[in-house]
Amino acid sequence: MNYSDFITAILKEASIIANENFGKVTGVTKGDDNNQVLTKTDLEIGKFIVDKIKKEYPDYSVIDEEAGVIDNKSEFTWVVDPIDGTSNFANGVPTYGIMIGLLKDATPIAGGIALPFFKEIYTAERGNGAFCNGNKVFVSKEEKLSNSLIAYGIDGHQEN
């Protein structure tokens, strides 16, 4: 199994977990940062993904946003964010994702993002392009930034 297939399979299963819990959870703020929200689903998805990685790639290192680091002194490191946009997820807002990336030393070589509510999985692998649900995606040919629509989201700290 190549990395993109592995990432796709994990993201499909993790999306099922997310969709089963979406709109049914509450989040708590992390003690050290009141801008960071955590749900039981973050922990459940994180454990699921890390367990799959440990089974398929037992010698690789892993960094999980919630569980921490498994340092196997490998040149390969999986990076996992079980739910990016947990505050949205916890409040029933569908714009959240599940992210997995793979580094070789410090170089990204593969990754994927699932948008469970929208049933979309985006994957990319160095040298092979990027895909959404198995269909190749392309970047805009527009060269002028002023002619492009750029969107981003940012969490604000409650005290501000």
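The notes below deal with the structure included here. Since the model is a prediction, treat every value here as computed from it, not as a measurement.

Time to look at the nonpolar core. Grouped burial of nonpolar side chains is what soluble globular proteins tend to show. Counting 31 residues, the largest nonpolar core has Tyr3, Ile45, Ile49, Ile53, Trp78, Ile98 and Leu102 as its most contacted members. When residues of this core are traced back to their parent elements, those giving at least two are helix H1 (3-21), helix H2 (40-56), strand S5 (76-84), strand S6 (97-104) and strand S7 (107-115). The element best represented in this core is H1, accounting for eight residues. Residues in contact with Tyr3, not counting those within four places in the same chain, are Tyr57, Tyr60, Phe76, Trp78, Leu102, Ile109, Ala110 and Glu125.

Running from N to C, H1 and H2 cross one another at 160°; their axes reach a closest spacing of 10 Å. By the angle between their axes, H1 is roughly antiparallel relative to H2. In this structure, H1 crosses over H2, and the sense of that crossing is right-handed. Contacts between H1 and H2 pair Phe6, Ile10, Glu13, Ala14, Ile17, Ala18 and Asn21 from the former with Thr41, Glu44, Ile45, Phe48, Ile49, Lys52, Ile53 and Glu56 from the latter. Each residue belonging to the contact of H1 with H2 can be placed in one class, and the counts come to nine nonpolar, two polar and four charged.

When you line up the elements, Thr123 lands in strand S8 (residues 120-125). For Thr123, a relative accessible area of 8% gives the class buried. In this view, Thr123 contacts Ser4, Ile7, Thr8, Gly111, Gly112, Gly129, Ala130 and Phe131; residues no more than four positions away in its chain are not counted.

All right, on to the environment of Asn2 then. Of note, Asn2 is situated in the segment before H1. Its relative accessible area of 38% is what places Asn2 among the partly exposed residues. Along the backbone, Asn2 and Ala110 are 108 residues apart, and their C-alpha atoms lie at a distance of 9.9 Å. Here Ser4 takes part through its backbone nitrogen, which lies 3.2 Å from a polar atom of the side chain of Asn2. Looking at Asn2, its side chain comes within polar contact range of the main-chain nitrogen of Asp5, at 2.7 Å.

Cut-offs applied
- Residues numbered from 1 in each chain as written.
- Predicted model: local features only at pLDDT ≥ 70, side-chain atom pairs only at ≥ 80, totals over all residues.
- Heavy atoms only, no water.
- Core = buried A, V, L, I, M, F, W, Y, C linked by side-chain atoms within 4.5 Å.
- Buried < 20%, exposed > 50% of the residue type's maximum accessible area, 1.4 Å probe, protein only.
- Helix = DSSP H or I, 4+ residues; strand = E, 2+ residues; numbered from the N terminus.
- Contact = heavy atoms within 4.5 Å.
- Axes fitted to C-alpha atoms, helices over the stretch in contact; angles between N-to-C directions.
- Parallel < 35°, antiparallel > 145°, perpendicular 65-115°, else oblique.
- Left-handed = near helix turned anticlockwise from the far one by under 90°.
- Nonpolar A, V, L, I, M, F, W, Y, C, P; charged D, E, K, R; others polar.
- Polar contact = N/O pair within 3.5 Å; in protein donor to acceptor, adjacent residues only side chain to side chain.

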